[in-house]
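Residue strings, one per chain:
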Amino acid sequence: MRELINADRPPGQPCCTRDILADAARGPSHLADWAAPARPCISVLADAEDRPRGVIVFLAWPDVQVGLICWLHAREDPVVLRALLTHAVAELAGCPLVEAFVGAPPDALGPGGLPRTRRAATHDALLGTGFTGRRRGCYLHRPLPVETLPAKLVADVFPCEFPPGYRLIIREADEPVAETLVSVGPDHTATVWWIETLPEQRRHGLAQQLLSQALALLAEQGATEVALVVDDLPETVPGHQAAPRLFESFGFAFIDQLWTYARRRPNPPGPPAAPRSTQADAVGGRA
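Residues numbered from 1 in each chain as written. Predicted model: local features only at pLDDT ≥ 70, side-chain atom pairs only at ≥ 80, totals over all residues. Heavy atoms only, no water.

1. Comments concerning the pattern of salt bridges
Test applied: Salt bridge criterion: a side-chain nitrogen from Lys or Arg within 4 Å of a carboxyl oxygen from Asp or Glu.
Scanning the entire structure with this criterion turns up eleven salt bridges. Arg51 serves as the salt-bridge partner of Asp47, at 2.9 Å between the closest nitrogen and oxygen. Arg51 is the partner of Glu49 in a salt bridge, and the nearest nitrogen-oxygen pair spans 3.4 Å. Where salt bridges share partners, they join Asp8, Glu76 and Arg119 into one cluster.

2. Comments concerning the environment of Leu258
To keep it simple, the criterion reads: Under the DSSP-based scheme used, a helix requires at least four consecutive residues in state H or I and a strand at least two consecutive residues in state E, with every element numbered from the N terminus. Note on contacts: a residue pair qualifies if any of its non-hydrogen atoms lie within 4.5 Å across the two residues.
As for its position among the elements, Leu258 is in strand β12 (residues 253-264). Between the C-alpha atoms of Leu258 and Pro115, which are 143 residues apart in sequence, the distance is 4.8 Å. In this view, Leu258 contacts Pro111, Gly112, Gly113, Leu114, Pro115, Arg134, Arg135, Arg136, Gly137, Tyr139 and Val229; residues no more than four positions away in its chain are not counted.

3. Observations concerning helix α4 (residues 120-128)
Selection rule: The classification of residues rests on relative accessible area computed with a 1.4 Å probe and restricted to protein chains. Under 20% of the type maximum is buried, over 50% is exposed, and intermediate values are partly exposed.
Looking at α4, one finds that the buried residues are Ala121, Thr122, His123, Ala125 and Leu126. Close packing links the buried residues of α4 with β3 (66-73), α3 (78-91), β4 (97-100), β5 (114-115) and β12. Backbone geometry just downstream of α4 places Gly130 in the positive-phi region, at approximately 95°.

4. Let's talk about the nonpolar core
Filter applied, for reference: For this analysis, a nonpolar core means a set of buried residues of the types Ala, Val, Leu, Ile, Met, Phe, Trp, Tyr and Cys, connected via side-chain atoms within 4.5 Å.
The biggest cluster of nonpolar side chains holds 28 residues, and the ones touching the most others in it are Leu215, Leu218, Val226, Phe247 and Phe252. Broken down by secondary-structure element, the contributors of at least two residues to this core are β6 (132-143), β8 (165-172), β9 (175-184), β10 (189-197), α5 (206-220), β11 (225-231) and α6 (242-249). For this core, the leading source of residues is α5, giving eight residues. Not counting the four nearest positions on each side in its chain, Leu218 is found in contact with Leu144, Val182, Ser183, Val184, Ala190, Ala223 and Val226. Within the second largest apolar cluster, 24 residues are counted, among which are Leu85, Leu92, Leu126 and Trp259.

5. What about the side chain of Arg142?
Let me state the cut-off plainly: Any N or O atom pair separated by 3.5 Å or less is treated as a polar contact, with the protein-specific requirement of one donor-capable and one acceptor-capable atom, and with residues adjacent in sequence counted only for side-chain atom pairs.
Structurally, the position occupied by Arg142 is in strand β6. Separated by 2.4 Å, the side chain of Arg142 and the backbone oxygen of Phe250 make a polar contact.

6. Looking at the packing of α3 against α4
Operational definition: Every axis corresponds to a line fitted to the C-alpha atoms, with the helix fit spanning only the stretch in contact, and the corresponding angles, defined between N-to-C directions, vary from 0 to 180 degrees. Roughly parallel here means an angle under 35 degrees, roughly antiparallel means over 145, roughly perpendicular means 65 to 115, and every remaining angle is called oblique. If you view the pair so one helix is near and one far, a crossing is left-handed when the near helix is turned anticlockwise from the far one by less than a right angle, and right-handed when it is turned clockwise. Only Asp, Glu, Lys and Arg are considered charged, only Ala, Val, Leu, Ile, Met, Phe, Trp, Tyr, Cys and Pro nonpolar, and every remaining residue, Gly among them, polar.
Where α3 meets α4, the axes come as close as 9 Å, and the angle between the chain directions of the two elements is 40°. With respect to each other, α3 and α4 are oriented oblique. Here the hand of the crossing between α3 and α4 comes out right-handed. Contacts between α3 and α4 pair Leu81, Arg82 and Leu85 from the former with Ala121, Thr122, Ala125, Leu126 and Gly128 from the latter. Residues that form the contact of α3 with α4 fall into these classes: five nonpolar, two polar and one charged.

The structure is reproduced here in structure tokens:
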């Protein structure tokens, strides 16, 4: 089963291990603050010789009628993909809404969405099973280490428990004005979870200084590659291209578009409405 998952692994993602599979059985880490989910279901489709052909992981919440498909791997075999999706949709039939590959930063459970180009057969299988998809961002990757350490360490560094990693904060007059969260995962892979600067402090080079120090820290911690997700922003949002330009200037390369999907159960047709009574009917047709 791990071979199926690793066959779809994009650059910057750790290889699937027994521990990662055990984490999958507890549910996605980025949903830790949600209501407690039912135990995720891991379903494997095997061939006549009992060899795994595909695997799907899905779950639902007892108090929220939403189902979630977390993983789906089948070496891009359309027949197997459709069979696994049909099975999951049937198991989640009580959920009016089923989501798949919902957006999240890349971590040990995946890149934060479905890589649309690399997983074209999975994309087509989702659409063919009644899901609608939308692009949510881009997956970027960069090898480490950085060439040189930053000339000046500008950010304070604090350990972070969830997700496990480091928060780097730049302060002015003891007030935080820029922050990023980074972590090192299995196989010397690293993640930039987010980077943010206060609107009034932008265009002063703080994000560049912060990211430079963060990448140097990841390299010091043993990371050899780092990945991140840049969310799509409407063109009407001021500075919507600022983040892509920042990461491009640091050597991050575009790997793929990331998509997310949803399938809504149609409302069942109600009983035919009774004909409305006229006033004449109500009084027995008297004149």
